[in-house]
Structure formats: C-alpha cells, structure tokens
Amino acid sequence: MIHHWPSPGKLNLFLYITGRRADGYHLLQTLFQFLDYGDTLTIEHNNSGNIRLMTPLAGVAEDDNLIIRAAKLLRHHIDPDENRFPRPGADIWLEKRLPMGGGLGGGSSNAATVLVALNHLWKCGLNDEDLARLGVVLGADVPVFVRGRAAFAEGVGEQLTPVAPPEKWYLVAVPPVSISTPLIFADPDLKRDSPVRSLATLLESPYRNDCEPIARKQFYEVEQVLSWLLEYAPSRLTGTGACVFAEFDTETAARRVLEQAPTWVHGFVAQGANVSALHSTLAGAK
C-alpha cells in the first residue's frame, strides 16, 4: 500500500548565537514554528530489504541523502542483522517544494518524516523520544520535526521546550541562492555573544536573527530581497538563510504584498503551525 506523508517547512522566528563549544559547535537560542507548506513523501513499504529513493536529487549522492540515511538508520536500530532476509524495505518518492539551502529545514524535515512514517509502517514501536535520539545523529534540527511541536531550542538545538507562538501568516521569499550553514557559522564577523535569556524575556523582546547580517553581507540576493520585504512588514532571515520572511496577521495581507512583488522576487504564502502536519497525518493513520 502507498502512503503519502507531509514533510513541512519551518521558520526560525528568532535565532541568537550565545557561544561556541570547544568542538566548534555553536550554542544558540531559537524559536521553531512549522509551516503549513512543505514537501511530500510517498512511501511504499515492503519486505524486499531494499531502500530506494525513486526521485533522486541532482547533485546529492544516494549515500548522502538524508532520506536514505534516515531509513537505514531506523532499520539498523530495530534489525541490525544486515544479512537477514526478508528485511524491511521501502520505495520512496519525494515531491520537493522546499528550496535546498533555504533555511526552511527541508532535508531535516524529510529525514524526520521518514523516521516517523517508517516507524509506523514497519511497526517498530518506537516513541518520539526514541526517534528524536536517532534523528539528532542526522542533524540538529531533525528532533524538532520528529516531535512535531513548535519549540524553543537551546544548546546546539537539541534542548527543546514546547511553545505556542501566534500562528501568523508569512510571506516567505526565496532568493535565487543556496546557502551552506557551515559557511555562515565560519564567518569571523558572526555575532557569537548574544546574552542567554529566559524564554519569557525573549518572547517579549523584538525578534532578531544573528545570522542575518552575515547572510546579507555575503549574498547580495538576500540583501536585495530583505530590503524590499522590510518596506511592508517586520521581516528577517530564517535559519542561516537564504529564505527571508515577513509576518502578517491575515492571509489576505500577505498575499497582497506578494502580488505587488517585483518580477525578481519569488516566494509563497503560508501559515505558521504549532503542530506539524506530519503528526496530524500520523494521528489519522493510527
């Protein structure tokens, strides 16, 4: 049987770099909220022992693809005998809408969807905490997608506290560039000393992203799009970029600005969601 699973995008409503560990990882405080917009994974599970991505991504080797890595990680966790047959397998199709290198969490979301969906389809019996511990091996953002709740994140992003920020409407603009996270974090001018503050204090303060000045400095396309968007509403970078977003109280207001966008601005309108569409789908599948 074929099953369709959402793989939603996310925004970092704020992102502060508060320090750097001896191993080079940056410490942060950030607020994750999901979008009602994202990729879709279609999964047909079987007992062939083969895990296949039927829609490979150009420029991404299969062994590097987070979809394949997530499926193999889960299977090894529940069935480490590589020589046993039959073994759980799956054919997976990806309908890609989230831009790569956009700061919307596409790869991490894909990995989380695979973990959650195959845990259900293969009847592994793992809970969200188990899957989140597996997911962090694939990337620091994977656990928040696995747990499926808007969250305040600390540490390197693995310490999560559920929150419920207003579910505003967003115009997300997509500059024609892909930004590598290590490139932003390696910049010597990156602010790394934002004060550690309580969640209550952060929620009452103007939101900011410490990565934004670096992205604007290094990528003219980000600077250009963000300068345009700021004319209409509070706007900032998500993650390490490249996407930027403006927040609105209504869908109509967001779409009105998108309709006025110059031809060189591309983007979409979506609503923030404090519960991931992935978990809504999982609840309906049980």
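Since the structure is predicted, the reported quantities are computational estimates derived from the model, not experimental observations.

(A) Here's a closer look at the nonpolar core. In terms of nonpolar packing, the biggest core is built from 41 residues, with Ile43, Leu74, Leu115, Leu118 and Val146 touching the most fellow members. Considering every element that reaches this core, the biggest residue donor is helix H2 (residues 106-121), with eight residues. If you look at the next biggest cluster of nonpolar residues, it comprises 31 residues, including Leu171, Phe219, Val225 and Trp228.

(B) Up close: the packing of aromatic side chains. Taken as a whole and judged by the stated rule, the model has seven aromatic pairs. Measuring from ring centre to ring centre gives 6.3 Å for Phe14 and Phe152, while their planes differ by 65 degrees; the resulting arrangement is edge-to-face. Taken as a pair, Phe14 in strand E1 (residues 2-20) and Phe152 in strand E5 (residues 151-154) lie far apart in primary sequence, 138 residues in all. Overall, the relative accessible area of 4% leaves Phe152 in the buried class. Plain terms: the ring middles of Tyr170 and Phe245 are 5.6 Å apart, the flat faces sit at 85 degrees to each other, and that makes the pair edge-to-face. Note that Tyr170 is positioned in strand E7 (residues 169-173) and Phe245 in strand E9 (residues 244-248), a separation of 75 residues in sequence. Classification of Phe245 by relative accessible area gives buried; the value is 0%. It is Arg197 that lies over the ring of Tyr16; its NZ or CZ is 4.8 Å from the centre.

(C) How the structure looks around the side chain of His279. Mapped onto the secondary structure, His279 falls in helix H10 (residues 277-285). When sequence neighbours within four positions are dropped, the list of residues in contact with His279 reads Asp128, Phe145, Val146, Arg147, Gly148 and Arg149.

(D) Main features of H10. Regarding H10, the residues found buried are Leu278, His279 and Leu282. Considered in projection along H10, the buried side chains sweep an arc of 90 degrees and stay on one side of the axis. Residues of H10 that are exposed and point over 90 degrees away from its buried face: Ala283 and Gly284. Where H10 is buried, its residues contact E1, H2, helix H3 (128-135) and helix H4 (142-147). For H10, the capping residue at the N-terminal end is Ser276, with a side-chain oxygen 3.0 Å from the backbone nitrogen of Leu278.

(E) Up close: the packing of helix H1 (residues 66-78) against H2. Where H1 contacts H2, the two axes come as close as 8 Å, and the packing angle between them is 35 degrees. Between H1 and H2 the crossing geometry is right-handed. Side by side, H1 and H2 meet where Leu66, Ile67, Ala70, Ala71 and Leu74 of the first sit next to Gly107, Ser108, Asn110, Ala111, Val114, Leu115, Leu118 and Asn119 of the second. Residues of the contact of H1 with H2, tallied by class, amount to nine nonpolar, four polar and no charged.

(F) View of the environment of Glu129. For Glu129, the location among the structural elements is in helix H3. For Glu129, a relative accessible area of 39% gives the class partly exposed. Between the C-alpha atom of Glu129 and that of Glu221, which follows or precedes it by 92 residues, the distance is 39 Å. Within polar-contact distance, the side chain of Glu129 engages the side chain of Arg147 at 2.8 Å.

(G) Looking closely at the environment of Leu203. With respect to the helices, strands and loops of the structure, Leu203 is situated in helix H6 (residues 199-204). Residue contacts for Leu203: discarding those within four places in its chain leaves Phe14 and Leu31.

(H) Here's a closer look at H1. Taking 1.5 Å per residue, 13 residues should reach 18 Å; H1 reaches 18 Å between its end C-alpha atoms and fits that length. If you check which residues of H1 are buried, you get Leu66, Ile67, Ile68, Ala70, Ala71, Leu74 and Arg75. Taking the backbone nitrogen of Ile67 as reference, a side-chain oxygen 2.8 Å away marks Asn65 as the first, capping residue of H1.

About the thresholds
Residues numbered from 1 in each chain as written. Predicted model: local features only at pLDDT ≥ 70, side-chain atom pairs only at ≥ 80, totals over all residues. Heavy atoms only, no water. Core = buried A, V, L, I, M, F, W, Y, C linked by side-chain atoms within 4.5 Å. Buried < 20%, exposed > 50% of the residue type's maximum accessible area, 1.4 Å probe, protein only. Helix = DSSP H or I, 4+ residues; strand = E, 2+ residues; numbered from the N terminus. Phe/Tyr/Trp six-rings, centres within 6.5 Å; stacked < 30°, edge-to-face > 60°. Lys NZ or Arg CZ within 6 Å of the ring centre and 35° of its normal. Contact = heavy atoms within 4.5 Å. Arc of directions from axis to C-beta. Polar contact = N/O pair within 3.5 Å; in protein donor to acceptor, adjacent residues only side chain to side chain. Axes fitted to C-alpha atoms, helices over the stretch in contact; angles between N-to-C directions. Left-handed = near helix turned anticlockwise from the far one by under 90°. Nonpolar A, V, L, I, M, F, W, Y, C, P; charged D, E, K, R; others polar. Expected span 1.5 Å × (residues − 1).

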